[in-house]
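A look at the structure
So you can see what is in the structure, the chains are spelled out below.
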There are 2 protein chains.
Amino acid sequence: MFVVSGLLQLQLGVDESYTLLAAKTDGQSIVREVIIEANTIYGALRGLETFSQLCSFDYDTKSVQIYKAPWHIRDKPRFAYRGLLIDTSRHYLPIGVIKQIIESMSYAKLNVLHWHIIDEQSFPLEVPSYPKLWKGSYTKRERYSVEDAYEIVSFAKGRGINVMAEIDVPGHARSWGIGYPALWPSHTCREPLDLTKNFTFDVISGILTDMRKIFPFGLFHLGGDEVNTDCWNSAPHIKKWLLNQNMTAKDAYQYFVLRAQEIAISKNWTPVNWEETFNTFASRLNPRTIVHNWLGGGVCPKAIAQGFRCIFSNQGFWYLDHLDVPWDDVYNAEPLEGITDASEQKLVIGGEVCMWGETADTSDIQQTIWPRAAAAAERLWSRREAISSGNINSTALPRLHYFRCLLNGRGVHAAPVTNEYARQPPIGPGSCYVQ
Amino acid sequence: MFVVSGLLQLQLGVDESYTLLAAKTDGQSIVREVIIEANTIYGALRGLETFSQLCSFDYDTKSVQIYKAPWHIRDKPRFAYRGLLIDTSRHYLPIGVIKQIIESMSYAKLNVLHWHIIDEQSFPLEVPSYPKLWKGSYTKRERYSVEDAYEIVSFAKGRGINVMAEIDVPGHARSWGIGYPALWPSHTCREPLDLTKNFTFDVISGILTDMRKIFPFGLFHLGGDEVNTDCWNSAPHIKKWLLNQNMTAKDAYQYFVLRAQEIAISKNWTPVNWEETFNTFASRLNPRTIVHNWLGGGVCPKAIAQGFRCIFSNQGFWYLDHLDVPWDDVYNAEPLEGITDASEQKLVIGGEVCMWGETADTSDIQQTIWPRAAAAAERLWSRREAISSGNINSTALPRLHYFRCLLNGRGVHAAPVTNEYARQPPIGPGSCYVQ
């Protein structure tokens with residue numbers, strides 16, 4: 001194993017390339033020669049992952065064999081950002097369970113855990129600056145301390161995975177007000193966050209200050225999706241404030257998002273926002289904004305045409321909570337669809353599969369993520385020319401079956417590949433490799 | 001921690017009692033005094049398990065607290081046999097996955113893993129005496145070497161769990177003939193095993209000789225359920241043999257089971273058989289036989305009335321593949337139902353929940369086992385007077401919710417407790433403790 005650079009920093013675009021040379025074996029378990037070369041330890045990790053997947057235990061000879069040796073592999077990812085979202089607000093996930101997920105991500109060479117920490121249902125994370133915030137957790141046991149968060153980031157880094165934290169504002173934030181009711185427009189109308197008070201932005205700033213110490217990744221997700229402004233119009237003091245400011249509800253939405261962006265940027269973060277922000281006031285967004293697509297197709301082409309970077313998560317294909325999306329639809333979704341210019345293509349930093357947590361908790365999250373996330377992972381890693389097309393049932397599908405069984409062998413509870421709905425049990429007895 | 005005996009042997013009836021003394025803490029994480037006393041290391045393990053479940057991390061003080069200290073606990077199991085069946089023939093389970101299950105069993109103080117290794121669909125285990133047998137595995141990758149089996153037994157022993165192996169004869173054995181077609185009645189009619197050939201019993205003897213080295217537990221399960229003798233009547237050479245022996249198909253079934261029992265007994269094993277053997281020829285069964293109930297209620301009372309020992313697994317309550325059995329039906333099933341005489345009660349050695357594998361593979365087995373297995377585990381461990389009755393929704397249910405979340409916290413994918421069907425996902429966002 002040769003690693004050129006001693007660089008340990010893990011950021012977007014870190015060199016993950018590697019070469020792997022495996023000589024032909026003589027049928028014994030002692031591998032004669034395997035060389036992995038990489039520019040960074042993160043590239044070396046990817047090479048080791050590939051190597052581990054070339055190896056398998058042969059029960060006849062009781063030895064480890066390298067599949068189809070010799071090998072000479074030169075490999076690198078197509079996209080720098082290959083993400084998986086987890087949602088710990090709809091259901092709390094114990095840190096051991098998050099670690100299981102991170103570990104499994106590394107098997108598919110995914111490299112960003114998008115941690116949607118907080119939403120309207122619960123606020124599980126400790127925020128030292130505003131210590132009442134995690135009163136919004138479901139229970140006193142369903143919480144993450146600052147130390148827990150550090151541990152997750154550290155565990156992920158050891159596998160070459162960045163953790164991108166999200167606080168979703170101004171909507172999806174009802175749980176914030178359990179600890180600080182002043183953040184609600186009123187006691188009966190509880191989101192979006194009250195934009196009239198400096199306190200609201202002080203809290204956001206406090207959260208980001210605390211989080212900046214925990215999350216070294218350069219990207220921070222500010223949410224901004226699905227903002228229903230009814231409560232702003234119905235709470236008298238907000239309605240009055242909007243009148244005084246001569247703002248419509250839409251103006252107010254823009255005001256809030258931009259002010260949150262400024263806070264993030266002041267802390268040396270690149271803001272990521274869900275696409276509604278772009279769809280509603282693209283020209284006002286900070287030019288460093290990374291637009292996170294989800295509603296449908298065609299958004300990344302529009303965003304990059306205006307110079308923004310983009311993450312592809314078209315919900316029709318890459319929302320893992322959509323259980324009716326079969327593996328091949330996941331596989332066929334192409335982040336560069338409709339983008340032909342090479343310089344524009346570079347602005348699509350990658351894509352992300354999203355495991356929203358409404359019906360995913362510890363009991364079912366692994367088999368909802370896997371194996372479909374692996375179909376997206378292949379598209380995000382491999383050269384576009386190398387990705388199977390045409391009759392993928394005879395090309396990509398056997399690979400996915402194999403990978404699902406490999407995950408099972410590593411203790412990951414990946415579901416059968418071809419069931420009509422995701423995470424369904426096997427329909428009857430049979431080999432893992434055909435179910 | 002005080003352990004009286006240095007005994008390491010783990011057999012049915014090993015002393016699992018312990019006492020636990022936990023002094024009142026002063027609110028700090030440093031526990032002032034905890035004493036666990038046991039006669040054996042296995043009792044000490046149970047005490048440690050209890051202790052671990054009294055402890056919880058308090059996020060407010062960031063310290064480990066002992067719930068409701070002080071404690072003075074004297075504890076021992078009601079039944080010596082507290083089992084869980086896994087079925088690695090309908091779906092192969094990687095050894096890492098079996099270890100996950102064993103580990104989780106220890107949390108509920110279950111102490112016997114009934115390993116239904118082989119069935120008609122696949123023969124995954126290596127048998128050195130008859131090396132073609134595991135040609136009956138689904139694929140060359142879905143196999144257990146002898147070393148794998150040793151590892152499972154050793155891993156289980158470390159948690160005070162015995163492994164009871166099963167070969168289910170003469171039915172449920174079609175996969176044996178992939179390697180040795182002579183074991184089939186004919187090429188078109190493949191089970192039960194051909195009873196006319198000494199080779200058949202030589203193979204059984206070979207399997208048991210090899211297994212005896214691996215499985216030190218004193219009980220061995222010989223199956224004997226659901227024997228459809230049609231192939232014996234349709235294969236000409238068997239039909240002729242039966243005529244010569246003046247045997248009916250029922251006689252032949254008895255002949256086979258008794259001959260297999262003799263082999264097991266000759267290897268110093270206590271035979272366990274499914275209840276059909278008792279139901280069909282009780283008076284001929286070896287008196288050491290342990291009858292394994294499954295078809296319905298009332299069998300254990302009959303079996304013990306005839307002096308047999310019995311294991312309770314009434315499928316209406318304790319077959320975990322019956323997804324429509326709610327947690328409270330599992331909880332309320334009583335192994336001593338209908339048995340009042342104390343000396344007779346002693347013949348019920350315990351009970352077992354059965355996780356048949358037709359629709360349970362790596363992807364869904366944990367959430368099909370848990371949390372319902374824990375409801376049975378409480379009944380098998382606790383004194384009958386201590387088991388909740390009446391409105392168990394306010395007594396036992398909160399415990400089960402808590403235990404489910406404890407399992408989740410330890411990385412076990414236990415499903416919500418009160419869903420209409422087992423292993424269903426949560427129906428919406430919410431705390432683990434109420435789903």
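Predicted model only: the values in this text are computed from it and were never measured.

So, the overall build of chain A
Of regular secondary structure, chain A possesses 16 helices and 14 strands. Relative to a compact globule of 435 residues, whose C-alpha radius of gyration would be 22 Å, chain A shows 23 Å and is just as compact. Evaluated residue by residue, chain A yields a buried proportion of 60% over its 435 residues. Sequence separation of at least 24 residues holds for 70% of the intrachain contacts in chain A that already meet a minimum separation of 6. For chain A, the computed accessible surface area is about 16400 Å², with 52% contributed by carbon and sulfur atoms. Distance between charge centres in chain A, computed from 42 positive and 46 negative side chains, equals 4 Å.

So, the packing of aromatic side chains
Tallied over the full model, the rule gives 46 aromatic pairs over all chains. Here the aromatic rings of Y130 of chain A and Y180 of chain A are separated by 5.8 Å at their centres, their planes lie at 85 degrees, and the arrangement is edge-to-face. Taken together, the positions of Y130 of chain A in the loop between β8 (112-116) and α3 (146-157) and Y180 of chain A in the loop between α4 (176-179) and α5 (198-214) put the pair 50 residues apart, joining distant regions of the chain. Like Y130 of chain A, the residue Y180 of chain A is buried in the burial classification. A ring pair is formed by F278 of chain B and F308 of chain B, whose centres lie 5.8 Å apart and whose planes are at 85 degrees; its orientation type is edge-to-face. Here F278 of chain B, found in helix α9 (residues 275-281), pairs with F308 of chain B, found in the loop between α10 (299-305) and β13 (309-312); they are 30 residues apart in sequence, far enough to count as distant.

Focus on the state of the cysteines
Residues and elements named next belong to chain A. With the rule as written, the count across this model stands at 6 disulfides over all chains. Between the sulfur atoms of C300 and its disulfide partner C310 the distance amounts to 2.0 Å. Between C300 and C310 the disulfide shows an S-S torsion of about -75 degrees. By sign, it is left-handed. Remark: C310 occurs in strand β13 (residues 309-312) and C300 occurs in helix α10 (residues 299-305); sequence separation between them is 10 residues. The exposure class of C300 is buried, given its relative accessible area of 2%. On the basis of relative accessibility, which here comes to 0%, the residue C310 falls in the buried class. When the bonded cysteines of chain A are numbered from the N-terminus onward, they pair as 1-2, 3-4, 5-6. C354 takes part in no disulfide bond, and the closest cysteine sulfur to it belongs to C300, at a distance of 12 Å.

Observations regarding the interface of chain A and chain B
Facing 54 residues of chain A, the contacting portion of chain B comprises 54 residues. Each partner contributes to the roughly 4000 Å² buried at the junction of chain A and chain B, and carbon and sulfur atoms together form 52% of this total. Counting across the interface, chain A meets chain B through 10 salt bridges. Where chain A meets chain B, there are 33 residue pairs in polar contact (both at pLDDT 80 or more). For the side of chain A that touches chain B, the secondary structure elements donating two or more residues are α2 (95-107), α3, α14 (365-369) and α16 (396-409) of chain A. If you tally residues by element for the side of chain A that touches chain B, the top one is α16 of chain A, at 4 residues. Within the side of chain A that touches chain B, the residues separate by chemical class into 20 nonpolar, 19 polar and 15 charged.

Regarding the environment of R309 of chain A
Residue and element names in this part refer to chain A. On the secondary structure map, R309 appears in strand β13. Judged by its relative accessible area of 27%, R309 falls in the partly exposed class. Measuring from C-alpha to C-alpha, the distance between R309 and K109 comes to 22 Å, with 200 residues separating the pair along the chain. Apart from the residues within four sequence positions on either side, R309 is in contact with L12, T270, R288, T289, I290, V291, L347 and I349.

A look at the sheet that holds strand β1 (residues 2-3) of chain B
Residue and element names in this part refer to chain B. Taken in spatial order, the 4 strands line up as β1-β3-β2-β6 in an open sheet, and their pairing is mixed. In this open sheet, the two strands that pair with only one neighbour each are β1 and β6 (71-75). Bridge count between strand β2 (residues 18-22) and strand β3 (residues 34-38): 5 bridges; the pairing is antiparallel. The residue bridging L21 from the neighbouring strand is I35, located in β3.

Structural notes on the relation of the copies chain A and chain B
The transformation that overlays chain A on chain B combines an axial shift of 0.0 Å with a rotation of 180 degrees, and the residual RMSD is 0.0 Å. The two molecules are tied by a two-fold rotation axis, judged by turn and shift. Nearest to the rotation axis, the C-alpha of D364 of chain A is located 4.0 Å from it, this being the minimum over chain A. In this assembly the copies share their binding face: 100% of the residues contributing to the interface of chain A also contribute to that of chain B.

Comments concerning the sheet that holds strand β3 (residues 34-38) of chain A
Residue and element names in this part refer to chain A. Here we have 4 strands laid out as an open sheet, ordered β1-β3-β2-β6, and mixed in their pairing. Since the sheet does not close on itself, it has two edges, and those belong to β1 (2-3) and β6 (71-75), each with one partner. The sheet contact formed by β1 and β3 spans 2 bridges and is parallel. For V3, the partnering residue across the bridge sits in β3 and is A38. Here helix α1 (residues 41-54) sits on the sheet and contacts β1, β2 (18-22), β3 and β6; the angle it forms with β2, its principal contact strand, is near 35 degrees.

Conventions we followed
- Residues numbered from 1 in each chain as written.
- Chains lettered and ligands numbered in written order.
- Predicted model: local features only at pLDDT ≥ 70, side-chain atom pairs only at ≥ 80, totals over all residues.
- Heavy atoms only, no water.
- Helix = DSSP H or I, 4+ residues; strand = E, 2+ residues; numbered from the N terminus.
- Rg over C-alpha atoms; globule rule 2.2 N^0.38 Å.
- Buried < 20%, exposed > 50% of the residue type's maximum accessible area, 1.4 Å probe, protein only.
- Contact = heavy atoms within 4.5 Å.
- Areas by Shrake-Rupley, 256 points an atom, 1.4 Å probe, with all protein chains shown as cover.
- Lys, Arg positive; Asp, Glu negative; His and termini not counted.
- Charge placed at Lys NZ, Arg CZ, Asp CG, Glu CD.
- Phe/Tyr/Trp six-rings, centres within 6.5 Å; stacked < 30°, edge-to-face > 60°.
- Disulfide = S-S within 2.5 Å.
- Buried area = accessible area lost by both parts, 1.4 Å probe.
- Salt bridge = Lys/Arg side-chain N within 4 Å of Asp/Glu carboxyl O.
- Polar contact = N/O pair within 3.5 Å; in protein donor to acceptor, adjacent residues only side chain to side chain.
- Nonpolar A, V, L, I, M, F, W, Y, C, P; charged D, E, K, R; others polar.
- Pairing = 2+ DSSP bridges.
- Least-squares fit on C-alpha atoms with pLDDT ≥ 70 in both.
- Axes fitted to C-alpha atoms, helices over the stretch in contact; angles between N-to-C directions.

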